[in-house]
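One letter stands for each residue in the lines below.
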There are 2 protein chains.
Amino acid sequence: MYYINEKEYKCSVAVTLDVFNDRWKLAIIWYLLEKDKRFKELSEDIHEITQKTLTIKLKELEEKNIISRQAFLEIPPRVVYALTPIGKALRPILEEMYLWGKNYVKEHGTIGEMTACEASVVKKCLKL
Amino acid sequence: MYYINEKEYKCSVAVTLDVFNDRWKLAIIWYLLEKDKRFKELSEDIHEITQKTLTIKLKELEEKNIISRQAFLEIPPRVVYALTPIGKALRPILEEMYLWGKNYVKEHGTIGEMTACEASVVKKCLKL
DNA sequence: ACGCTTACTTTACTTTATGTAAGTAATGAT
DNA sequence: ATCATTACTTACATAAAGTAAAGTAAGCGT
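Here we summarise the structure given alongside this text. Remember, it's a predicted structure, so these values are computed and weren't measured experimentally.

## Regarding the protein's contact with DNA strand C
Phase 1 of the analysis: Near DNA strand C you find 21 residues, and of these Lys 52 of chain A together with Arg 38, Gln 51, Arg 69 and Tyr 81 of chain B are the closest.
Phase 2 of the analysis: Arg 38 of chain B is positioned such that a nitrogen or oxygen atom in its side chain is 2.8 Å from a phosphate oxygen of DNA strand C.
Phase 3 of the analysis: Here a phosphate oxygen of DNA strand C and a side-chain polar atom of Arg 69 of chain B are 2.3 Å apart.
Phase 4 of the analysis: Elements supplying a minimum of two residues to the surface near DNA strand C: helix 4 (51-63) of chain A together with helix 3 (39-45), helix 4 (51-63) and strand 5 (78-83) of chain B.
Phase 5 of the analysis: Here the element with the most residues in the surface near DNA strand C is helix 4 of chain B; it accounts for 4 residues.
Phase 6 of the analysis: A per-class count over the surface near DNA strand C returns 7 nonpolar, 4 polar and 10 charged.

Rendered as structure tokens:
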């Protein structure tokens, strides 16, 4: 059994799931793997997300120490988000997800052009 | 770009996410890694899930070809769920999640006794 | 005749997640 | 004076997911 602030987990996979088990968090992590980013950059990367939801998700990830937030006292404001060391350590999971997804598409879908998103992250972050 | 029945994905990680990005699916996969299971066994393994939700999630996983369903024409009914080959191929992802979760708990939580769940799956399924 | 079993399905509801649209704060540029 | 900029916050609305509890179907044991 594992405990993280009062909360109980039956196994460590459940702990991991708790970190990114929603519609947005893994996307945020994926884009932050590429490089540290400002709020606006993230909201452009993940253009379907609303500002409100992005704010909430970033706060949740920060609370779990997956990302860090650095606010500069400037006008207009500047806030930079970055993965923490343990956040960066999620990379092998993403790599496996990347590989599995490719295989799955081979069997059950079709492949079109490579997107900028994938090209960039794959090139800079995945050590395959 | 990837396409799976009309749906568009910017990268293959998004494809993978789509498979288990909810509260229950990965738990189902986790328990099926151990061995093929009947409906009732799964609902005992994941005792927090309601029958209705389990039914829906199993159906969704079947539609995505992650698990297979075999119904025997017996009374009382018997239905056995098993991972398909591509479902079994999710194992490396789970392994990475297992490792990451352990590390995360080391830094941010406390570890208690090993649960039956974890012991069993780790022993039988993870090739670490 | 009746209850037990399994794998569901159905109903009626509550909770959680997400969206929409507007507002705010501070300041430099026009 | 007003606008643009950025990173939010607020109030309200809707959609999605989950819950509890009961129902169903068919046949077996008592």
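Picking up after the structure, the text goes on.
## Quick look at the side chain of Lys 25 of chain A
Residues and elements named next belong to chain A.
Phase 1 of the analysis: Along the chain, Lys 25 falls in helix 2 (residues 25-34).
Phase 2 of the analysis: In this structure the side chain of Lys 25 is engaged in a polar contact, spanning 2.9 Å, whose partner is the side chain of Glu 60.
Phase 3 of the analysis: When near neighbours in sequence (up to four residues on either side) are disregarded, Lys 25 contacts Val 19, Phe 20, Lys 57, Glu 60 and Leu 61.

## A few points about the sheet that holds strand 2 (residues 7-9) of chain B
Phase 1 of the analysis: Reading across from one edge, 6(A)-1(B)-2(B) is the order of the 3 strands in this open sheet, with antiparallel pairing throughout. Sheet topology places strand 6 (110-111) of chain A together with strand 2 of chain B at the edges, where each strand pairs with a single neighbour.
Phase 2 of the analysis: Here strand 6 of chain A runs beside strand 1 (residues 2-4) of chain B; their pairing, made up of 2 bridges, is antiparallel. By the bridge assignment for strand 1 of chain B, Thr 110 of chain A is matched with Tyr 3 of chain B.
Phase 3 of the analysis: Contacts between helix 6 (residues 91-108) of chain A and the sheet are confined to strand 6 of chain A together with strand 1 of chain B, with strand 1 of chain B contributing the most and set at about 55° to the helix.

## Observations regarding the protein's contact with DNA strand D
Phase 1 of the analysis: Neighbouring DNA strand D are 22 residues, the closest being Gln 51, Arg 69, Pro 77 and Tyr 81 of chain A together with Lys 52 of chain B.
Phase 2 of the analysis: Close to the protein, within 4 Å, the atoms of DNA strand D are drawn from sugar and phosphate at a rate of 72%.
Phase 3 of the analysis: Arg 69 of chain A is positioned with one of its side-chain polar atoms (N or O) 2.3 Å from a phosphate oxygen of DNA strand D.
Phase 4 of the analysis: With respect to DNA strand D, the side chain of Trp 24 of chain B contributes an N or O atom lying 3.3 Å from a phosphate oxygen.
Phase 5 of the analysis: Listing elements by their share of the surface near DNA strand D, those giving two or more residues are helix 3 (39-45), helix 4 and strand 5 (78-83) of chain A together with helix 4 of chain B.
Phase 6 of the analysis: Taken together, the residues of the surface near DNA strand D sort by class into 7 nonpolar, 5 polar and 10 charged.

## A look at the pairing of strand 4 (residues 67-72) of chain B
All names here are of chain B.
Phase 1 of the analysis: By the bridge criterion, 6 bridges tie strand 4 to strand 5 in an arrangement that is antiparallel. Among the inter-strand pairings, Phe 72 is bridged to a residue of strand 5, identified as Arg 78.
Phase 2 of the analysis: The hairpin formed by strand 4 and strand 5 contains 5 residues between the paired strands.

## Observations regarding unusual backbone geometry
Residue and element names in this part refer to chain A.
Phase 1 of the analysis: Looking along the chain, the bond that leaves Ile 75 and enters Pro 76 is cis, with omega of -5°.
Phase 2 of the analysis: Note that Pro 76 resides in the loop between strand 4 (67-72) and strand 5.
Phase 3 of the analysis: The phi angle at Asn 5 is positive, at roughly 25°, despite the residue not being glycine.
Phase 4 of the analysis: Among the secondary structure elements, Asn 5 is positioned in the loop between strand 1 (2-4) and strand 2 (7-9).
Phase 5 of the analysis: Backbone geometry places Asn 65, a non-glycine residue, at a positive phi of 65°.

## A few points about the packing of aromatic side chains
Phase 1 of the analysis: Evaluation of the coordinates by the stated rule reveals 2 aromatic pairs over all chains.
Phase 2 of the analysis: Where Trp 100 of chain B meets Tyr 104 of chain B, the ring centres are 5.0 Å apart and the plane angle is 20°; that geometry is what we call stacked. With Trp 100 of chain B and Tyr 104 of chain B both in helix 6 (residues 91-108), this residue pair falls 4 residues apart, about one helical turn. As far as burial versus exposure is concerned, Trp 100 of chain B and Tyr 104 of chain B are alike and both buried.
Phase 3 of the analysis: A cation over an aromatic ring shows up here: Arg 78 of chain A above the ring of Phe 72 of chain A, its NZ or CZ 3.8 Å from the ring centre.

## Section: the nonpolar core
Phase 1 of the analysis: Counting 85 residues, the largest nonpolar core has Trp 30 and Ile 66 of chain A together with Trp 30 and Ile 66 of chain B as its most contacted members.
Phase 2 of the analysis: Dropping the residues within four chain positions of it, Ile 66 of chain A is found in contact with Val 19, Ile 29, Leu 61, Ala 82, Leu 83, Thr 84, Ile 86, Gly 87 and Leu 90 of chain A together with Trp 100 and Tyr 104 of chain B.

So, how was this worked out
- Residues numbered from 1 in each chain as written.
- Chains lettered and ligands numbered in written order.
- Predicted model: local features only at pLDDT ≥ 70, side-chain atom pairs only at ≥ 80, totals over all residues.
- Heavy atoms only, no water.
- Near = heavy atom within 4 Å.
- Polar contact = N/O pair within 3.5 Å; in protein donor to acceptor, adjacent residues only side chain to side chain.
- Helix = DSSP H or I, 4+ residues; strand = E, 2+ residues; numbered from the N terminus.
- Nonpolar A, V, L, I, M, F, W, Y, C, P; charged D, E, K, R; others polar.
- Contact = heavy atoms within 4.5 Å.
- Pairing = 2+ DSSP bridges.
- Axes fitted to C-alpha atoms, helices over the stretch in contact; angles between N-to-C directions.
- Phe/Tyr/Trp six-rings, centres within 6.5 Å; stacked < 30°, edge-to-face > 60°.
- Buried < 20%, exposed > 50% of the residue type's maximum accessible area, 1.4 Å probe, protein only.
- Lys NZ or Arg CZ within 6 Å of the ring centre and 35° of its normal.
- Core = buried A, V, L, I, M, F, W, Y, C linked by side-chain atoms within 4.5 Å.

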